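An overview of the molecular structure
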Amino acid sequence: MSSASKSLLGGIEAGGTKFVLAVGYSPTEIIERHEIPTRVPATTLAQAGDWFEGQGTISSLGIASFGPVELDRSSPLWGHITNTPKPGWENCDLAGYFAERFGVPIGFDTDVNGAALAEFQHGAGKGASSLAYITVGTGIGGGLVLDGRAVHGAAHPEMGHIFPRRHEDDRDFKGICPHHGDCLEGLASGPAIEARWGASLSELPADHIAHEIIADYLTQLAHSLIAMTAVEMIVFGGGVMKTGGLLERVDRKASELGARYFPGGSKHKIVSPELGHNAGLTGALLLAAEV
Ligand code: ZN
C-alpha cells in the first residue's frame, strides 16, 4: 500500500513540562516527532495544532495526557484535564480543542495508560497476559492493562498514592504529598528524595541508605499490584528509575517479600520499558488507531 492511501495518525503525549507530538501510519511507525514546552493552554494547543496542520491530513488523533483527566465518554467533561494545580490547565478541554480544529475522532487516556498500552502491545509486554506501567519521576503514576484494556474504573487509577509500610530507617520524614503526606509519591518521588537527602537518587553514593529505602517503597507497590490484580509484567519507567541498580533491587526485594509465592510464580516480571522515551507517544498513536 502506498503511503498516500494510508491513514495518517496524530499523537500527543501531553506532559506538565512538554507536549510531544507525532504523526505516523501506525503506532510503531513514527514519521515525524516534535516537542513544544507546556505553557498556557491557548499557546500550547495552538502551537500543537499548527504543527499537525503542517504534517498533512490526519485521520484521527490520540492524546495521552497528564492528569487528572475525565475519561467517561458520557460526561460533558470527557477529554478535559480536571482539577490540576498546574496554573491555567484546570478544566482545559484538551480533546475538544483538537476535535473542533480538525474534525477527526479523538482517542483520549492518561499518559501512563497510554504507555501501558504501548508497552503491552509493542514493548516489554508482548505475549504477556497483562501489564502495569509505573513512572517514578516528579510524581509517581501507574496505568494497568488487563484483558487487553486499560483499567479505568470510575476514573483512572492513582496508584502512586497508596500508603506503603514505613521503612525502619525512614520514620521521621513526613512526606511531601499535599493530599496524603507520606503516600508512595510523598515518600519515593524525585522531589521526595531531594527533600530528604538534598540530591537525586542517582547522585547519592551506591551504599547510601536512600537506595534501600526507595527500593523498599517501590517494591511494595509491585507487591500490592500483583496481590490485587495478578498482573504479569510490571514496567518501571521515569527519571528516578534511571538510577543504577534500582530496578534490580526492586526485583530482588519483590522476591524476598514473597512475590514468587503468588500463584503466578515466576510469570511475574519486573522490567524496564522497551519503548524507552517513546512509550507515551506510541500509546497516543495507539489511542488514535483504536478510536
Ligand atoms: Zn498522595
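Residues numbered from 1 in each chain as written. Predicted model: local features only at pLDDT ≥ 70, side-chain atom pairs only at ≥ 80, totals over all residues. Heavy atoms only, no water.

Quick look at the domain arrangement of the chain now. When cut into domains, the chain gives domain 1 (3–113) and domain 2 (124–273). The C-alpha-based centres of domain 1 and domain 2 are spaced at 27 Å. Both faces considered, domain 1 and domain 2 share a buried interface measuring about 680 Å² in area, 59% of it formed by carbon and sulfur atoms. Ranking the residues of domain 1 by area buried against domain 2 places Leu 71, Val 112 and Asn 113 at the top, with a combined share of 70%. On inspection of domain 1 and its partner domain 2, the count reaches zero salt bridges. One can count three residue pairs in polar contact (both at pLDDT 80 or more) joining domain 1 with domain 2. At the level of elements, β5 (106–110) and α3 (111–122) are the ones that each hand at least two residues to the side of domain 1 that touches domain 2. Grouping the amino acids of the side of domain 1 that touches domain 2 by side-chain chemistry returns four nonpolar, two polar and one charged. (Domains from an automatic or database assignment. Buried area = accessible area lost by both parts, 1.4 Å probe. Salt bridge = Lys/Arg side-chain N within 4 Å of Asp/Glu carboxyl O. Polar contact = N/O pair within 3.5 Å; in protein donor to acceptor, adjacent residues only side chain to side chain. Helix = DSSP H or I, 4+ residues; strand = E, 2+ residues; numbered from the N terminus. Nonpolar A, V, L, I, M, F, W, Y, C, P; charged D, E, K, R; others polar.)

Moving on, we get to helix α5 (residues 190–197). For α5, every residue scored as buried is listed here: Gly 190, Ala 192, Ile 193 and Arg 196. Around the axis of α5, the buried residues are gathered within 165 degrees of arc, so they sit on the same side. Elements in contact with the buried residues of α5: α4 (184–188) and α6 (209–229). Just downstream of α5 lies Gly 198, where phi reads positive at about 70 degrees. (Buried < 20%, exposed > 50% of the residue type's maximum accessible area, 1.4 Å probe, protein only. Arc of directions from axis to C-beta. Contact = heavy atoms within 4.5 Å.)

The next point concerns the side chain of His 161. The residue His 161 is located in the loop between β8 (149–150) and α4 in this model. For His 161, a relative accessible area of 18% corresponds to the buried category. Apart from the residues lying within four places of it in its own chain, the contact partners of His 161 are Cys 177, His 180, Cys 183 and Glu 185.

Quick look at the sheet that holds β8 now. The strand order across the open sheet formed by five strands is β8-β7-β6-β9-β10, and the pairing between neighbours is mixed. Looking along the sheet, the strands with just one partner apiece sit at the ends: β8 and β10 (269–271). Across five bridges, the pairing between strand β6 (residues 130–136) and strand β9 (residues 233–237) is parallel. Residue pairing in the sheet places Thr 135 in a bridge with Gly 237 of β9. Sheet strands in contact with α6 are β6, β7 (140–146), β9 and β10, and its direction is about 150 degrees off that of β9. Across the face of the sheet, helix α7 (residues 246–257) comes into contact with β9 and β10 while running at roughly 165 degrees to β10. (Pairing = 2+ DSSP bridges. Axes fitted to C-alpha atoms, helices over the stretch in contact; angles between N-to-C directions.)

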